[in-house]
Amino acid sequence: MSTPVSSLRNLGPATEAACARAGIPDAETLRALGADETYRRLLASGTRPHFISYYVLHMALMGRPWNDCRGKEKEALRLRFDALVAGVAAKPAPDAPPAGIEAILNDIGVLPAPPV
C-alpha cells in the first residue's frame, strides 16, 4: 500500500500534485529518490524553482519543521539548490536544434536535419 506524499510533514496537496506530474506517486518513491533527485524531477516536469520549496522537501524527509533549516545547513542547501537548478536549465529541450559539433555535422549532411 502506498503512502500519500502529503502525509509527510510540511508537504501538502500542491506538492503531492507536483510530485504526481513528475512521476513520483507516493511517499515511498519520494523517500527512495531523496530530496535532490525528487526536486530535479519536479523541475524537469515544469515546477518553477523556489529555494524554500527545495529546503522544505529536505526538512520533510528528515521529519523536521520546515522552518528548522538555518545557518550553515541552509547555506549548504542553497549551494546545492543553485547547482541543481543550473544543471536542469543547462539541459537542452528534446526538440531543441542541435548545437556544437552536432550542428556542424547536421549542416554538412552527416546527420539528418531535425524535423521542422
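Heads up: the structure comes first, above all this text.
Basis of the calculations
- Residues numbered from 1 in each chain as written.
- Predicted model: local features only at pLDDT ≥ 70, side-chain atom pairs only at ≥ 80, totals over all residues.
- Heavy atoms only, no water.
- Axes fitted to C-alpha atoms, helices over the stretch in contact; angles between N-to-C directions.
- Helix = DSSP H or I, 4+ residues; strand = E, 2+ residues; numbered from the N terminus.
- Parallel < 35°, antiparallel > 145°, perpendicular 65-115°, else oblique.
- Left-handed = near helix turned anticlockwise from the far one by under 90°.
- Contact = heavy atoms within 4.5 Å.
- Nonpolar A, V, L, I, M, F, W, Y, C, P; charged D, E, K, R; others polar.
- Salt bridge = Lys/Arg side-chain N within 4 Å of Asp/Glu carboxyl O.
- 1 Å grid on protein atoms, 1.4 Å probe; cavity = no way out; pocket = protein on both sides within 12 Å on 5 of 7 lines; lining within 4 Å.
- Points joined across faces, edges and corners; volume = space filled by probe spheres on them.
- Buried < 20%, exposed > 50% of the residue type's maximum accessible area, 1.4 Å probe, protein only.
- Core = buried A, V, L, I, M, F, W, Y, C linked by side-chain atoms within 4.5 Å.

Turning next to the packing of helix H2 (residues 27-44) against helix H3 (residues 51-62). Contact pair H2 / H3: the axes reach a minimum separation of 9 Å and the direction vectors enclose 160°. Between H2 and H3, the angle falls in the class roughly antiparallel. In terms of crossing hand, the pair formed by H2 and H3 is left-handed. For the pair H2 and H3, contact is made by Leu 30, Arg 31, Gly 34, Ala 35, Asp 36, Thr 38 and Tyr 39 and by Ser 53, Tyr 54, Leu 57, His 58 and Leu 61, respectively. Among the residues forming the contact of H2 with H3, the class breakdown is six nonpolar, four polar and two charged.

Another aspect to go through is the pattern of salt bridges. All told, the structure shown has seven salt bridges when counted by the stated rule. Where Asp 68 meets Arg 64, a salt bridge forms, and the shortest distance between an N and an O atom there is 2.8 Å. In this structure, a network of salt bridges that share partners links the residues Arg 64, Asp 68, Arg 70 and Glu 73.

As a further point, take the layout of surface pockets. By volume, the largest pocket amounts to about 160 Å³. Leu 11, Ala 14, Thr 15, Ala 18, Tyr 39, Leu 42, Thr 47, Arg 48, Ser 53, Val 56 and Leu 57 together form the lining of the largest pocket. Counting only elements with at least two residues in the lining of the largest pocket, the list comes to helix H1 (13-21), H2 and H3. Looking at the lining of the largest pocket residue by residue, the class counts come to seven nonpolar, three polar and one charged.

Examined against the element boundaries, Thr 38 turns out to sit in helix H2. What makes Thr 38 buried here is its relative accessible area of 0%. Setting aside its immediate chain neighbours within four residues, Thr 38 contacts Cys 19, Ile 24, Leu 30, Leu 33 and Leu 57.

Below, the discussion takes up unusual backbone geometry. The residue Asn 10 is not glycine, and still its phi comes out positive at about 80°. Following the sequence through the fold, Asn 10 ends up in the segment before H1.

With 24 residues, the main nonpolar core has Leu 11, Leu 30, Tyr 39, Tyr 54 and Leu 77 as its most contacted residues. The set of elements that each furnish at least two residues to this core consists of H1, H2, H3 and helix H4 (71-90). Examining the composition of this core, we find that seven residues originate from one element, H3, more than from any other. Contact partners of Leu 77, with chain neighbours within four places excluded, come to Phe 51, Tyr 54, Tyr 55, His 58, Met 59 and Cys 69.

Keep in mind these values describe shape, not function.
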